[in-house]
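Chain by chain, the residues:
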Amino acid sequence: TYWVAYSHMIPISLYVIIEVLKLVQSYLIKWDKTMYDLQTEQLAECRNSDLVEELGQVDFIFSDKTGTLTCNVMIFKKCNVDGCVYSMDDLTQSQSDIEEEKSFARNEAESDDINDSRGVFAAGNNGKTLNGLGFRLHAGSLKDMQKQSPNLSNYFRFLVLCHAVMVDHDPATGEVTYQSSSPDELALVKASGEFRIKLTRRTKEFIEIMENGVRKEYRILAEFPFNSDRKRMSVIFEDCGKYFLYCKGADSIMAPRVRWKPGQEQAVFADLEKFAIEGLRTLVMAQKELSRSQYTEFSENYSRLQTSNMRDKEDQIFALYDQYETDLEYVGASAIEDKLQDRVPQTIAKLMSANIRVWVLTGDKQETAIEIAKSCQLIQEGMNVVILTQKDAGKQSLDDSRRSL
C-alpha cells in the first residue's frame, strides 16, 4: 500500500517501456530456433507477455518421467530365456556381414529362411552364446530359432497372446496397425512380429496369429487386467482343448508366484538387475496349464462375483485372480527401452545451474530410476546420493525417514 500510494512518482513511460520489452521478449521466444519441434514442425508459442517474468519466479519443477522426459516410444531391447540373454542389435550391418552370416546359417542350420530384417538378436550370458559358435539370430528366422531353443519361440508366442492390444485393419491397403493404452505391450507385440509370430486379428473371444506363415486361432476365456496395485495382467485361453494361463508383471510381484528351478531365480534376477542398471524397463513372464475342472471352477466363481452386490466385490474378484496366479512356470523376461527426448540432459543441467530444484516421479525400479537420473543429468558428478527405501510397508514412517537424513 505504501508503494502504491507513491506510484505517481513512477513515470508512465517506464510502464510503457517495460510492457514493450515483455512483448519483444515474447517474440524472441517464438523465433527461438532451438525450441523448434521437428515432429510437429512448429516453433514455441508464447501466449502471454508476462511469461518471461513468471518464469523467473520458478523455484521448483515437478515432472513425470514417461512421456515428459522420455519419448514414450518403447523399443524391445533384450530378453532372458533359458538362462541366456538375447539382445536386439539396432546397428545396421554391412551387406558383407549379412551375407557372411547367411552363408554360415545355411551351412550349419541348412535353412534359407533368414531375411535381412533390421532386427538382430545376439545371444550371450557370461560368455555363453547360441550353440557356442557366436551365432546371431536374425529376426524372421523362426525355424533356426526353434532349432536353437524351442522355448525361445514359445516366449515370442507368449508375447503375442498375453496383452490387451487391439488390431486395426486399413481397408484400402490391408495394413495391420495396433492400438493399446500401454506402449510396453505395443513394443512386445511388434517384437514378436519381427520373428514371424504376428498378431493379425483380435476380438473379445478370439486372438488370431500368423506363426511362420500358418494361421492359428486361440479362444480367449478370461482376462485379468493390469492395475497399479496388482502390477501384473493375465490371460486364460483355450488351445486344442487345453487351458492355459499366461501372466506377466513386475519382477518383485512375479517372483513369489513362480515355481523356480534350483538356481534359476538367482540367475534371472542377476540379469534383471543388469537390465535395470542399463535403464531398461523389465517384465517377467510365466505360465501354467489349467485342468478343465480348474477352469470350470474359476468360471463359476467369476460369474457369481460379477452378478453379486457385495460391497467388496472388486476385492473379491482380485482375490480370485490372485488364487490362480500362483505356481507358475517361468517363460522369460523382457527389457524395454524408453529413450530420452532430445536435449533433456542439457535442459535439466541448465535449470539446476539456475538454482531451480527438479523433482521427477517414476514408477521404475530403484536401479532403473538411478540410472535414468544420471543419464538425464538429474544426478550429476559430485552429488551426494541419499537413498530412502521402504522394503517392509508400515515399518518405516515419514519421521523415521527424516531422522535418517
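If you're wondering where the values come from, they're calculated on a predicted model, not measured in any experiment.

Novice: Even after reading the chapter, I still don't get the overall build of the chain, so can you show me in this structure?
Specialist: For the chain, the helix and strand inventory stands at 14 helices and 15 strands. The burial tally for the chain puts 37% of its 405 residues in the buried class. Partitioning the intrachain contacts of the chain with sequence separation of at least 6 by distance along the chain shows that 63% fall at a separation of at least 24. Carbon together with sulfur atoms contributes 51% to the accessible area of the chain, which is approximately 24,400 Å² in total.

Novice: I tried to follow helix α2 (residues 12–30) on my own but got confused; where do I start?
Specialist: Each turn of an α-helix holds 3.6 residues, which means side chains three or four residues apart point in the same direction. The first and last C-alpha atoms of α2 sit 28 Å apart over 19 residues, in line with the 27 Å expected at 1.5 Å per residue. For α2, the complete set of buried residues consists of Lys22, Ser26 and Ile29. When α2 is viewed along its axis, its buried side chains cluster within an angular range of 60° and face the same direction. Along its buried surface, α2 packs onto α3 (51–55).

Novice: What is the right way to read the packing of helix α10 (residues 292–306) against helix α11 (residues 313–324) from this model?
Specialist: Angle between the axes and distance between the axes: these two values describe a pair of packed helices. The contact between α10 and α11 brings their axes to 10 Å, and the two run at 170°. Between α10 and α11, the crossing angle belongs to the class labelled roughly antiparallel. Of α11, the residues touching α10 (which contributes Gln294, Glu297, Phe298, Asn301, Tyr302, Leu305 and Gln306) are Lys313, Gln316, Ile317, Leu320, Tyr321 and Tyr324. Counted by class, the contact of α10 with α11 contains seven nonpolar, four polar and two charged residues.

Novice: Would you take a moment to explain the environment of Gln316 for this structure?
Specialist: Tracing the sequence through the fold places Gln316 in helix α11. Take Gln316: its relative accessible area is 33%, and that puts it in the partly exposed class. When the C-alpha atoms of Gln316 and Leu305 are compared, they prove to be 7.4 Å apart, with eleven residues separating the residues in sequence. When neighbours within four sequence positions are excluded, Gln316 is seen to be in contact with Leu305 and Met310.

Novice: It is not clear to me how a nonpolar patch on the surface should be interpreted in this structure. Could you clarify?
Specialist: Judged by side-chain polarity, Ile10, Ile12, Leu14, Tyr15, Val16, Ile18, Val20, Leu23, Val24, Tyr27, Leu28 and Trp31 come together as a nonpolar surface patch covering roughly 1,100 Å² of accessible area. Structurally, the position occupied by Tyr15 is in helix α2. Looking at Tyr15, the relative accessible area reads 44%, which means it is partly exposed.

Novice: I'm lost on the packing of aromatic side chains in this one. Help?
Specialist: Working definition: an aromatic ring pair is given by the centre-to-centre distance plus the angle between the planes. Within the structure shown, the criterion is met by 19 aromatic pairs. Members of the aromatic cluster, joined through ring pairs, are Phe224, Phe298, Tyr302, Phe318, Tyr321 and Tyr324.

Novice: I'm lost on the confidence of the model for the chain in this one. Help?
Specialist: Low pLDDT means the predicted coordinates in that region are not meant to be read closely. Here the chain averages 81 in pLDDT, and 79% of its residues register 70 or above. Looking across the chain, the model is least confident in strand β4 (residues 120–124), with a mean pLDDT of 44, and most confident in strand β12 (residues 242–249), with 95. For the stretch residues 90–99, pLDDT sits under 50, and the model shows seven contacts to residues farther than four places along the chain or on other chains. Here residues 108–142 is modelled with pLDDT under 50, and outside its nearest four sequence neighbours on either side it reaches 96 contacts, counting other chains as well.

Thresholds, definitions, all that
- Residues numbered from 1 in each chain as written.
- Predicted model: local features only at pLDDT ≥ 70, side-chain atom pairs only at ≥ 80, totals over all residues.
- Heavy atoms only, no water.
- Helix = DSSP H or I, 4+ residues; strand = E, 2+ residues; numbered from the N terminus.
- Buried < 20%, exposed > 50% of the residue type's maximum accessible area, 1.4 Å probe, protein only.
- Contact = heavy atoms within 4.5 Å.
- Areas by Shrake-Rupley, 256 points an atom, 1.4 Å probe, with all protein chains shown as cover.
- Expected span 1.5 Å × (residues − 1).
- Arc of directions from axis to C-beta.
- Axes fitted to C-alpha atoms, helices over the stretch in contact; angles between N-to-C directions.
- Parallel < 35°, antiparallel > 145°, perpendicular 65-115°, else oblique.
- Nonpolar A, V, L, I, M, F, W, Y, C, P; charged D, E, K, R; others polar.
- Patch = residues over 30% accessible without salt bridge, like charges linked within 9 Å, V, L, I, M, F, W, Y side chains within 5 Å.
- Salt bridge = Lys/Arg side-chain N within 4 Å of Asp/Glu carboxyl O.
- Phe/Tyr/Trp six-rings, centres within 6.5 Å; stacked < 30°, edge-to-face > 60°.
- pLDDT = per-residue confidence, 0-100.

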